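Summary of the model geometry
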Amino acid sequence: MELPVKLRLSCVLASALAAASFMAAPPSWAGPPDIGPLPEIKYDEKKAALGKRLFSDPRLSGDAAISCASCHDPKEGFTKRAPLHIAYPGSDHFRNAPTLINTAHKGGKSGIPWHWDVRIGTSLNDMTRDMLTESYVMNMDMRIMQERLKQDPVYVQMFKDAWDGKEPANGRVRDSIPEFLKSLVSKNVPFDQGKLSSDAKAGMELFKGKAGCINCHNGVLFTDGKPHNTGVPENPEVFKNPARHLTYITFMFSLGVEDRFNWRRDIGYMTVSHDEKDLGKFITPGLRELKYTAPYMHNGMIATLDDVVEFYNQGGGEDRPGLKDGLMKPLGLSAAEKKSLVAFLLSLSGDDLAYEPEKPNLSYPAIPNWYEAKN
Ligand code: HEC
Ligand code: HEC
């Protein structure tokens, strides 16, 4: 009885996805693709080194206070341990950020878009621009950014070396950061190396069989790249905290959501499709590196992997009739089975990629950093 549900879902999604021009086309649906090891990604070493410096440089934000690394912290799994993220001063974020490890495997032909509501599917260059320019993320005017970088002799030299004698330019920034992101891939993953404990092996069988996780979490990243409603509870903090609420309203405004003042929930994929049947759908996240990225879900509402597995065991959360995905049914897992599933999930995490970000010399140009002064 599973097939009609999947087929219906894929037809609905195909038409909705086709309507949003900048998103990746959904892959044709012929049953869940198998899970497998990650392929290698090639990148340019010099551009990646430049991208790495830019990644933790606060001069890339409007008030020169926060960098990509402030929110995608290399020491916290390239996300943050808090359920909801910080945002640009004066706003506060309404979602949890996905890790950036393996993010370069998404976009373009992969058919896996970025963001919880699948709103960007094109390229990492577009993703980087989105993060730099959105008012609640880094609020950067890229013309100012370009001039700031030209004043730092270290950058002038690094751009010359990486870009064939050329000077700092905003397009080159948006192409260098992605080269760094391509270097952020899982390393020494027990699953990829075929080194599973017997517990993890039992967990893999449940994942593919009785627990049905593979219906949505499949392919090399363990995601079908599609949005589903699993009934994750709202994070009340988004609507209780005025800074988060106003940020969320502004976000909905920028995506043309008409009824934005009345919603008291994160509407998810409906922000993009403008169709109420997509209420509360969020992209299936990949399952690699979960060891480093708690708490879980789009709003950080589930604290541990044990709790995530229990959430699925109970058939997911609650929502209005008809909204929750038909695959979300109580699973009847024993305590031992739940333990095996968690062991399998942990076998998808590799070495810790943490590093101490370089602190660039901020005296060219001298921009006082209020964030550093306060923290
Ligand atoms: C103020 C916090 C903040 C800063 C600064 C920030 N990000 Fe993000 N980033 C987020 C949040 C939150 C999300 C998830 C947003 C959503 O899904 O709606 C995200 C999502 C992403 C994603 C999509 C990941 C995925 O798998 O869907 C990428 C890629 C990304 N950021 C890269 C960057 C880069 C590169 C920079 C620096 C140029 C940056 N971010 C700066 C908070 C931040
Ligand atoms: C109907 C599709 C579907 C099925 C079946 C499914 N998932 Fe998910 N999974 C999702 C979606 C969608 C999310 C994100 C939900 C949200 O944030 O609102 C998610 C989130 C997760 C997360 C959190 C990851 C993170 O980075 O926050 C984990 C872990 C997870 N699922 C594991 C599993 C396991 C284990 C199973 C099987 C017991 C399973 N999933 C079955 C669609 C599914």
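Numbering of residues starts from 1 in every chain and runs along the sequence as written. The lettering of chains begins at A and the numbering of ligands begins at 1, in the order of writing. In view of the model being predicted, local features appear only for residues whose pLDDT reaches at least 70, and side-chain atom pairs are presented and counted only at 80 or more, with totals across whole chains, interfaces and linings using the full set of residues. Side-chain metrics rest on all non-hydrogen atoms present in the structure, leaving aside hydrogens and water.

Let us now look at unusual backbone geometry. Of the consecutive residues Ala294 and Pro295, the connecting peptide bond is found in the cis state with omega at -5°. Helix numbers and strand numbers start at the N terminus; a helix is a DSSP run of H or I with at least 4 residues, a strand a run of E with at least 2. Counting through the fold element by element, Pro295 comes out in the loop between strand E2 (282–283) and helix H12 (305–313). Backbone geometry places Asn102, a non-glycine residue, at a positive phi of 70°. Inspection of the secondary structure assignment puts Asn102 in the loop between helix H3 (68–71) and helix H4 (124–133). Even without being glycine, Met297 reaches a positive phi, approximately 80°. Take Met297: it is sitting in the loop between E2 and H12.

Moving on: the site of ligand 2. The criterion for a residue being near a molecule or strand is simple. One of its heavy atoms has to lie within 4 Å of it. If you check the shell around ligand 2, you find 23 residues, and the closest are Cys213, Cys216, His217, His298 and Tyr312. Pairing of N or O atoms within 3.5 Å defines a polar contact, subject to two protein rules: one partner must be a possible hydrogen donor and the other a possible acceptor, and residues neighboring in sequence count only if both atoms are side-chain atoms. Within the contact set of ligand 2, an oxygen atom lies 2.7 Å away from a backbone nitrogen or oxygen of Met297. Between ligand 2 and Tyr312, the relevant distance is 2.6 Å, taken from a nitrogen atom to a side-chain nitrogen or oxygen of the residue. Only E2 and H12 provide two or more residues apiece to the shell around ligand 2.

Quick look at the nonpolar core now. We call a set of buried residues a nonpolar core when its members are Ala, Val, Leu, Ile, Met, Phe, Trp, Tyr or Cys and they connect through side-chain atoms within 4.5 Å of each other. Accessible area is worked out with a 1.4 Å probe on protein chains only. A residue is then buried under 20% of its type maximum, exposed over 50%, and partly exposed in between. Membership of the largest hydrophobic core comes to 46 residues, with the highest contact counts inside it found for Leu54, Phe55, Leu60 and Val173. At the level of elements, helix H2 (45–55), H3, H4, helix H5 (142–150), helix H6 (153–162), helix H7 (170–183), helix H9 (237–240) and helix H10 (242–254) are the ones that each hand at least two residues to this core. It is H7 that provides the largest number of residues to this core, a total of 4 residues. Any two residues whose heavy atoms approach within 4.5 Å are treated as being in contact. If near-sequence neighbours (up to four positions away) are discounted, Leu54 is found in contact with Leu60, Leu149, Tyr155, Phe159, Val173, Ser176 and Ile177. Counting 30 residues, the second largest nonpolar core, distinct from the first, contains Leu196, Met204, Ile214 and Phe344.

Let's shift gears to the coordination of the iron atom of ligand 1. At the metal site, the iron atom of ligand 1 is ligated by His72 (NE2) and Met131 (SD), and these contacts range over 2.1 to 2.4 Å. Bound by 6 donor atoms, the iron atom of ligand 1 shows angles of 84 to 180° at the metal and therefore octahedral coordination geometry. Separated by 59 residues along the polypeptide, His72 in the loop between H3 and H4 and Met131 in helix H4 bring together distant segments of the chain. On the basis of relative accessible area, His72 is assigned to the buried category, the value being 11%. Judged by its relative accessible area of 22%, Met131 is partly exposed. Water is not part of the atom set, so a site may look incomplete; the donors themselves are N, O and S atoms within 2.8 Å of the metal, or 3.2 Å for Na, K and Ca. When four donors show all angles between 85 and 135 degrees the site is tetrahedral, when four or six donors have opposite pairs over 155 degrees and all other angles between 65 and 115 it is square planar or octahedral respectively, and in every other case it is irregular.

Only His217 (NE2) and Tyr312 (OH) from the protein coordinate the iron atom of ligand 2, and they sit 1.9 to 2.1 Å from it. In this structure, the iron atom of ligand 2 is coordinated by 6 donor atoms arranged in octahedral fashion, with angles at the metal of 80 to 179°. Of this pair, His217 sits in the loop between helix H8 (198–208) and strand E1 (227–228) while Tyr312 sits in helix H12, and the two are 95 residues apart along the sequence. Classification of His217 by relative accessible area gives buried; the value is 9%. Residue classification places Tyr312 among the partly exposed positions, given a relative accessible area of 25%.

From the geometry alone we can't say anything about function, so treat these as descriptive.
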